Amino acid sequence: MKKIIFFWLIVIVNMVPTILFSQEILSMKEVAPGIFVHQGQHLDVDDGYQGDICNIGFIIGKNSVAVIDTGGSESIGSALLSEIKKRTSLPVKYVINTHAHLDHIYGNVAFKSDGVEFIGHVNLPKAMRFRKEFYEKINLEYLNIPHDKSIQIPPNQLVKPIKALEIDLGDRLLKITAYPTAHTNSDVTIEDYKTSTLWTGDLLFIERTPVVDGDIHGFIKVIDSLMKVEFNLLIPGHGTPTFEPNLAWNKIRNYLIILRNGIRVAIDEGLDLQMAIDSVAKKESSKWELFDIQNGRNINMIYPKMEWE
Ligand SMILES: [Zn+2]
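Computed from a predicted structure; not experimentally measured. Every chain is numbered on its own, with residues counted from 1 as its sequence reads. In view of the model being predicted, local features appear only for residues whose pLDDT reaches at least 70, and side-chain atom pairs are presented and counted only at 80 or more, with totals across whole chains, interfaces and linings using the full set of residues. Hydrogens and waters are ignored; side-chain quantities use all the structure's heavy atoms.

Quick word on the nonpolar core
Nonpolar cores were defined as sets of buried Ala, Val, Leu, Ile, Met, Phe, Trp, Tyr and Cys residues, with membership established by side-chain atoms within 4.5 Å. Only protein chains enter the accessibility calculation, which uses a 1.4 Å probe. A residue is then buried if its area is under 20% of the maximum for its type, exposed if over 50%, and partly exposed in between. In terms of nonpolar packing, the biggest core is built from 35 residues, with Ile252, Leu256 and Leu259 touching the most fellow members. The way it works is that DSSP assigns letters per residue, a run of H or I at least four long becomes a helix, a run of E at least two long becomes a strand, and they are numbered from the N terminus. When residues of this core are traced back to their parent elements, those giving at least two are β11 (197–205), α5 (216–227), α6 (245–268), α7 (273–279) and α8 (291–306). Two residues form a contact once any of their heavy atoms are found within 4.5 Å. If we ignore the near neighbours within four places in the chain, the residues touching Leu256 are Val212, Ile216, Phe219, Ile220 and Ile223.

Written out as structure tokens, the structure is:
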């Protein structure tokens, strides 16, 4: 008898991690009526990437639900889907990716089913393919996901810069706008007219150091154009949603201007890349999380391009 009890004890103990893993719970916050956001952690890919570092969430209309970004793995996507099911029985009809970065797209596969439209920038399918091999390496190394389980679901409905797309969730119109190259070459924003909310993707960072993976000039231009439009609430790609849009836009804009000016001066003064990395924009350091590593990467990305300007 004792042996049998011991056997079942071992079985149950072994099952616990599986049960915990499959029932992953995501903390969600309703930031405006019908708009739910899960905030990922400010972790760098190099130190402790767990697939849950950006903002993901959903908007509920009268007839259907739109998901905006899906997290960095299928398990995060599944957890998001189960959070949706806790709050509504309406179907997910749209999955929108704000851009191609891995932390925003690898949960898509959890939403793949008939009748679900995947929406993204016209450049998104190519940008996803271009990064696929590199992302598979990261997913394997940090998340222990084998290559054949790193599944990309590219958009089937594409949005071109300038010509915005409107979708209707039932008494709730969303406007999806694509941009010329800025944070990346595949950025879109999602506007909810009902609550005057703009879901910015990584065109806005709050707390976490901004990432420039597209074009610094384009990034500043897009921010300038967005600053002219009034919104009640901004949901950034990383960080806490804010009801003070000007403060948030000014903070990221200042960093990008200081970064660009600093690199320009470094090039003019003949500083090499490493010297630029060691000195440019350092006074911004105390204002942002993960600053040194990300600021260095930004300079590494921008310096060689600006050298030729
Ligand atoms: Zn990004």
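Notes on the coordination of the zinc ion
Around the zinc ion, the protein contributes the donor atoms His99 (NE2), His101 (ND1), His183 (NE2) and Asp202 (OD), which lie 2.0 to 2.5 Å from the metal centre. Sites may look incomplete because water is not among the atoms; the donors themselves are N, O and S atoms within 2.8 Å of the metal, or within 3.2 Å for Na, K and Ca. Look at where the donors of the zinc ion fall in the sequence and you get H-x1-H-x81-H-x18-D. With a gap of 82 residues between them, His101 in the loop between β5 (92–96) and α3 (102–105) and His183 in the loop between β9 (173–178) and β10 (188–192) connect regions that are remote in the sequence. Residues His101 and His183 agree in their burial class; the two are buried.

Topic: the environment of Pro245
Summarising the element assignment, Pro245 is placed in helix α6. Look at Pro245 and you get buried, because its relative accessible area is 13%. Taking C-alpha positions, Pro245 is 33 Å from Ser89, a pair spaced 156 residues apart along the chain. Each residue touching Pro245, except ones within four places of it in the same chain, is listed here: Phe231, Asn232 and Leu234.

Examining the pairing of strand β2 (residues 35–38)
Side chains Ile35 and Val37 project from β2 onto one buried face, and the interleaved Phe36 and His38 project onto a second face that is buried too. For two strands to pair, DSSP has to find at least two bridges joining them. Of the pairings in the sheet, the one linking strand β1 (residues 29–32) to β2 comprises three bridges and is antiparallel in character. Within β2, the residue paired with Lys29 across the bridge is Val37. Where β1 hands over to β2, the hairpin turn is made up of two residues, of which Gly34 adopts a positive phi near 80°.

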